[in-house]
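Overview (structure and organization)
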Amino acid sequence: MTSAPHDARRTARGASALREAFVTGKLVRTAGAHDGLSARLAQEAGFDAVWASGLEISAAHGLPDVSLLGLAEYVAAALIIRRSVDIPVVADCDTGFGGNLNAAYTMTRYEEAGAAGICIEDKLFPKRNSFVNSGQKLLETDEFCRKLEVAKRAQAHLDTVLVARTEAFICGMGLQEALTRCHRYVDAGADAVLVHSKDSTCKQIVSFMRSWGRRAPVVIVPTTYTAFSMDEAREAGVSMIIYANQGMRTAIAAMRRAWATVLAEGSTESLEMQIASIDDLFAISGMHEWLERAGE
Ligand code: SPV
Ligand code: MG
């Protein structure tokens with residue numbers, strides 16, 4: 001009989017910074033990413049952490065966020081992200097890619113990849129992205145608590161942050177269900193809770209924060225309630241705010257515009273003034289540092 005090693009000397013990369021921010025009340029400003037470049041741009045902009053987004057990683061594979069990619073593909077993406085930045089990486093692990101044992105293996109694989117935190121949500125596998133209007137099904141609270149306990153027991157690094165995400169609001173449940181679930185998830189060992197909402201206003205989140213009483217750090221993803229500011233989030237007691245997909249949506253819009261311009265104008269002359277230079281591309285991808293290694 002073996003159990004997961006729990007070696008106090010081992011720490012997860014960046015996890016202590018996250019935990020310290022949670023204790024001191026600093027809002028962890030987090031940007032979604034799907035590869036090394038998008039993560040590095042978030043770091044360069046000054047974000048405190050990166051979210052290895054399931055939606056972005058799926059889209060980067062040309063696939064919808066409906067549990068088509070597997071654990072290995074998501075971990076590979078998270079590893080590339082983690083190698084590209086120094087700030088903590090929090091990984092979107094969907095439902096933990098299956099049952100309780102899958103959630104345990106998810107914890108192990110992401111810790112090996114250097115994630116500071118992993119986030120597991122209380123939906124049924126296979127899940128749909130939260131903004132899809134069909135097929136949103138919640139796992140029973142008891143069953144999800146068991147999944148969290150099993151994942152937590154697999155944790156090898158002392159400070160890895162396990163975020164339990166409730167999709168109660170996404171599935172049409174009310175405040176009480178969201179609160180009850182989050183309290184149970186913290187009882188089960190979650191270090192933080194993510195409360196997702198697809199409301200166009202911040203009402204659900206603000207009412208949750210008022211009743212939560214700061215029992216554990218709260219993470220939010222204000223994709224639809226766009227007017228909710230960082231200052232308001234801080235004031236409400238939110239610990240981490242994730243801009244999960246705005247970077248990729250910006251890239252999509254910009255690339256569409258660029259390629260349309262090239263086809264319309266028949267050359268890249270006017271586009272050249274608007275886009276990053278080759279030198280910029282070299283710099284962000286580390287060309288100079290790598291050439292220096294070869295003495296060039
Ligand atoms: C993701 O980025 O994959 C998320 C956040 O889970 S959301 O797409 O808003 O559900
Ligand atoms: Mg996701």
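What counts, and at which threshold
- Residues numbered from 1 in each chain as written.
- Chains lettered and ligands numbered in written order.
- Predicted model: local features only at pLDDT ≥ 70, side-chain atom pairs only at ≥ 80, totals over all residues.
- Heavy atoms only, no water.
- Helix = DSSP H or I, 4+ residues; strand = E, 2+ residues; numbered from the N terminus.
- Rg over C-alpha atoms; globule rule 2.2 N^0.38 Å.
- Buried < 20%, exposed > 50% of the residue type's maximum accessible area, 1.4 Å probe, protein only.
- Contact = heavy atoms within 4.5 Å.
- Areas by Shrake-Rupley, 256 points an atom, 1.4 Å probe, with all protein chains shown as cover.
- Lys, Arg positive; Asp, Glu negative; His and termini not counted.
- Charge placed at Lys NZ, Arg CZ, Asp CG, Glu CD.
- 1 Å grid on protein atoms, 1.4 Å probe; cavity = no way out; pocket = protein on both sides within 12 Å on 5 of 7 lines; lining within 4 Å.
- Points joined across faces, edges and corners; volume = space filled by probe spheres on them.
- Nonpolar A, V, L, I, M, F, W, Y, C, P; charged D, E, K, R; others polar.
- Near = heavy atom within 4 Å.
- Polar contact = N/O pair within 3.5 Å; in protein donor to acceptor, adjacent residues only side chain to side chain.
- Sits in = over half its atoms within 2 Å of the grid points.
- Domains from an automatic or database assignment.
- Core = buried A, V, L, I, M, F, W, Y, C linked by side-chain atoms within 4.5 Å.
- Axes fitted to C-alpha atoms, helices over the stretch in contact; angles between N-to-C directions.
- Left-handed = near helix turned anticlockwise from the far one by under 90°.

Let us look at the overall build of the chain. Scanning the chain from N- to C-terminus turns up 13 helices and 8 strands. For 296 residues, the compact-globule estimate of 2.2 N^0.38 gives 19 Å, and the C-alpha radius of gyration of the chain, at 20 Å, lies within 12% of that figure. Over its C-alpha atoms, taken along the principal directions, the chain stretches across nearly 60 × 45 × 35 Å. Residues classed as buried in the chain amount to 49% of the 296 residues present. Put simply, of all contacts in the chain between residues at least 6 apart along the chain, 70% involve residues at least 24 apart. Element-wise, carbon and sulfur atoms account for 55% of the exposed surface of the chain, whose accessible area totals about 14500 Å². Distance from the positive charge centre (31 side chains) to the negative charge centre (36 side chains) of the chain: 6 Å.

Moving on, we come to empty space enclosed by the protein. Applying the stated rule across the entire model yields 1 cavity of 30 Å³ or more. The computed volume of the largest cavity comes to approximately 130 Å³. Looking at side-chain class alone, the lining of the largest cavity contains 5 nonpolar, 6 polar and 4 charged residues.

Taken together, 14 residues are adjacent to ligand 1, and Trp51, Ser53, Leu55, Asp92 and Arg165 come closest. Note that an oxygen atom of ligand 1 is positioned 2.8 Å from one of the backbone N or O atoms of Leu55. For ligand 1, the protein covers 100% of the area, taking 280 Å² as the surface of the free molecule. Here ligand 1 is seated within the largest cavity.

For the rest of this paragraph, the subject is the domain arrangement of the chain. What the domain assignment lists for the chain is domain 1 (4-246) and domain 2 (253-293). Taking only C-alpha atoms into account, the centre of domain 1 sits 33 Å from that of domain 2.

As a further point, take the environment of Ala104. Considering the arrangement of structural elements, one finds Ala104 in helix H5 (residues 100-112). With a relative accessible area of 12%, Ala104 lands in the buried category. For Ala104 and Arg153, which are 49 residues apart along the polypeptide, the C-alpha to C-alpha distance reads 7.5 Å. The residues contacting Ala104, other than those within four sequence positions of it, are Val150, Ala151 and Ala154.

Among the nonpolar cores identified, the biggest contains 40 residues, and Tyr110, Ile118 and Ile120 are the most heavily contacted of them. Leaving out residues up to four positions away in the same chain, Ile118 has contacts with Ala91, Cys93, Thr106, Met107, Tyr110, Val161, Leu162 and Val163. Core analysis: the next-biggest nonpolar cluster, separate from the first, contains 23 residues, Ala168, Phe169, Trp212 and Ala233 among them.

Two numbers describe how H5 lies on helix H6 (residues 141-153): the axes approach to 8 Å, and their chain directions differ by 35°. Two packed elements cross with a definite hand, and for H5 against H6 that hand is right-handed. Residues Asn100, Ala103, Ala104 and Met107 of H5 touch H6, and the partners they reach there are Glu143, Arg146, Lys147, Val150 and Ala151. In terms of residue class, the contact of H5 with H6 is built from 5 nonpolar, 1 polar and 3 charged.

What follows is about the layout of surface pockets. In this structure, the largest pocket occupies an estimated 1200 Å³ of space. Lining the largest pocket are 35 residues, and of these Leu37, Leu41, Ala251, Ala254 and Met255 sit closest to its centre. For the lining of the largest pocket, the element with the highest residue contribution is helix H10 (residues 246-265), accounting for 12 residues. Of the residues that constitute the lining of the largest pocket, the class distribution is 19 nonpolar, 10 polar and 6 charged. When residues are assigned to domains, the lining of the largest pocket turns out to be shared by domain 1 (4-246) and domain 2 (253-293), each giving three or more.

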